[in-house]
Amino acid sequence: MRRWLVRGRSVIGIDEVDANRLFVDGFRPEDDQLDAARGRGDEIGALSVSPATGATLCWLAELISARTVAEVGTGAGVSGLWLLRGMVPDGVLTTVDDEAENTRAARQTFADAGVPPQRVRLITGHPTEVLSRLADGAYDLVFFDGNPQESSRYFDEGLRLLRAGGLMVFNGALLGGRVADPSQRDAATIAIRTLVNETRDDERIRPLLVPVGDGVLVAQKK
C-alpha cells in the first residue's frame, strides 16, 4: 500500500521520497575507500552516515576551512574520512567512540586511505567524559553521531568547544520521521525533538535543519 505526504499544496508518494533520497545520495558517488569503510562498518554493526550526509560534512568543513574538528561516533570511519577530505591539508580530526572495535575499524579505514597518523586522534571512551577534557573554543567544527539521549549534553559541550563562527552538526535529527510525528514518544525521539526545538530559539547560535540522510541539524555559534 502506497503512503502519501502532503507538502504545501502538493501530494507526494513515499516511494517518490525514497527515489529522491537515492538520487541525492548518488549525487556525489563514494569512491572505493569510502565503499570499503562502509562495508567494514556493516561487518561490525557500526552504522555509517548516508553518502549525502557525508558529502554535507565535507562541504561544511571545506566552507569554513576547518583545521580542528571533533567527532562523536567514529564508527568505521566513514564520516571521519568525509570530514578529513573537507578540512585543510594539515587539519586534525579528534574522533571519539565508546566501542574499541569501531576504533580499530576506523584506524584501518584511515590507514587504507593514506591519511597521515598525525591528522587523526582516535579516542576510545565515553563521549561526554572525553569531551569534558577538550579545550574551550579550540574547534572549528564539532560533529555528533552518538547516543540521541545524550543530545542535550552534546550540545552544551559543543557550544563550549567551538570558536565563534564554528559549526555544530548533529546527525539523525529526523530519526526516520519520528521527530516530526507527535505520536512518537520514545526517549530517543523526545531527546532529539527537544534538541531541535531548543536550538531553534537559542540566541547563541544560528540553526538550520537539513533533510539529507536521516536529518542534519547545523548550528553556527555566534
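Check the entry above for the structure.
The structure contained in this document is the topic of the report that follows. (Residues numbered from 1 in each chain as written. Predicted model: local features only at pLDDT ≥ 70, side-chain atom pairs only at ≥ 80, totals over all residues. Heavy atoms only, no water.)

1. Quick notes on the packing of aromatic side chains
Remark: the centre distance and the inter-plane angle together describe each pair of aromatic rings, the angle taken between the planes.
Item 1. Going through the model one piece at a time under the given rule, you end up with 2 aromatic pairs.
Item 2. With 5.0 Å between their ring centres and 5° between their planes, F144 and Y154 make a pair best called stacked. Residue F144 is located in strand β6 (residues 139–144), and its partner Y154 is located in helix α7 (residues 151–161); the two are separated by 10 residues in the primary sequence.
Item 3. Through a chain of ring-to-ring contacts, the aromatic side chains of F144, Y154 and F170 assemble into a single cluster. (Phe/Tyr/Trp six-rings, centres within 6.5 Å; stacked < 30°, edge-to-face > 60°. Helix = DSSP H or I, 4+ residues; strand = E, 2+ residues; numbered from the N terminus.)

2. A few points about the pairing of strand β4 (residues 92–97)
Item 1. Burial within β4 is extensive, with 5 of its 6 residues counted as buried.
Item 2. For strand β3 (residues 68–72) and β4, the ladder comprises 5 bridges, and the chain directions are parallel. When the bridges of β4 are listed, A70 appears paired with T94.
Item 3. With helix α4 (residues 78–86) bridging β3 and the parallel β4, this β-α-β connection has right-handed handedness.
Item 4. Sheet topology places β4 next to strand β5 (residues 120–124); 5 bridges connect them, and they run parallel. Among the inter-strand pairings, V96 is bridged to a residue of β5, identified as I123.
Item 5. Traced from β4 through helix α5 (residues 100–112) to β5, the parallel crossover comes out right-handed. (Buried < 20%, exposed > 50% of the residue type's maximum accessible area, 1.4 Å probe, protein only. Pairing = 2+ DSSP bridges. Right-handed = clockwise from strand over helix to strand, strands pointing away.)

3. Some thoughts on the sheet that holds strand β9 (residues 216–221)
Item 1. One open sheet accounts for 7 strands, arranged β5-β4-β3-β6-β7-β9-β8; its pairing is mixed. Only two strands of the sheet have a single partner each, and these edge strands are β5 and β8 (205–210). Pairs of neighbouring strands in the sheet enclose a mean axial angle of 15°, with direction left out of account.
Item 2. Contacts from α5 reach β4 and β5 within the one sheet, and its direction differs from that of β5 by about 165°.
Item 3. Sheet contacts for helix α8 (residues 187–200): β7 (162–171), β8 and β9; angle to β8, the most-contacted strand, approximately 135°. (Axes fitted to C-alpha atoms, helices over the stretch in contact; angles between N-to-C directions. Contact = heavy atoms within 4.5 Å.)

4. Regarding unusual backbone geometry
Item 1. For S65, which is not glycine, the phi torsion reads 50° and is therefore positive.
Item 2. Position of S65 relative to the elements: it lies in the loop between α3 (51–63) and β3.
Item 3. A relative accessible area of 45% places S65 in the partly exposed class.

5. Examining the pattern of salt bridges
Item 1. One pass over the structure, following the stated rule, counts 9 salt bridges.
Item 2. Measuring nitrogen to oxygen at the nearest pair gives 3.1 Å for the salt bridge that ties R40 to D112. On the criterion of sequence distance, the pair formed by R40 in helix α2 (residues 32–44) and D112 in helix α5 is long-range, its members being 72 residues apart.
Item 3. Given a relative accessible area of 46%, D112 falls into the partly exposed group.
Item 4. Put simply, D136 and R160 hold a salt bridge, and the shortest N to O gap is 2.4 Å. With D136 in the loop between α6 (127–131) and β6 and R160 in helix α7, the pair connects residues that are 24 residues apart, well separated along the chain. (Salt bridge = Lys/Arg side-chain N within 4 Å of Asp/Glu carboxyl O.)

6. Some thoughts on empty space enclosed by the protein
Item 1. Taken as a whole and judged by the stated rule, the model has 1 cavity of 30 Å³ or more.
Item 2. By volume, the largest cavity amounts to about 50 Å³.
Item 3. Partitioned by chemical class, the residues of the lining of the largest cavity number 4 nonpolar, 6 polar and 1 charged. (1 Å grid on protein atoms, 1.4 Å probe; cavity = no way out; pocket = protein on both sides within 12 Å on 5 of 7 lines; lining within 4 Å. Points joined across faces, edges and corners; volume = space filled by probe spheres on them. Nonpolar A, V, L, I, M, F, W, Y, C, P; charged D, E, K, R; others polar.)

7. Side note on α3
Item 1. Its 13 residues place the ends of α3 18 Å apart at the C-alpha level, agreeing with the 18 Å of an ideal helix rising 1.5 Å per residue.
Item 2. The element α3 is largely enclosed, with a buried count of 10 among its 13 residues.
Item 3. Regarding α3, the residues found buried are P51, A52, T53, G54, A55, T56, L57, C58, L60 and A61.
Item 4. Just past α3, the residue S65 takes up positive phi, approximately 50°. (Expected span 1.5 Å × (residues − 1).)

Interpretation note: all reported values are geometric properties and have no functional meaning in isolation.
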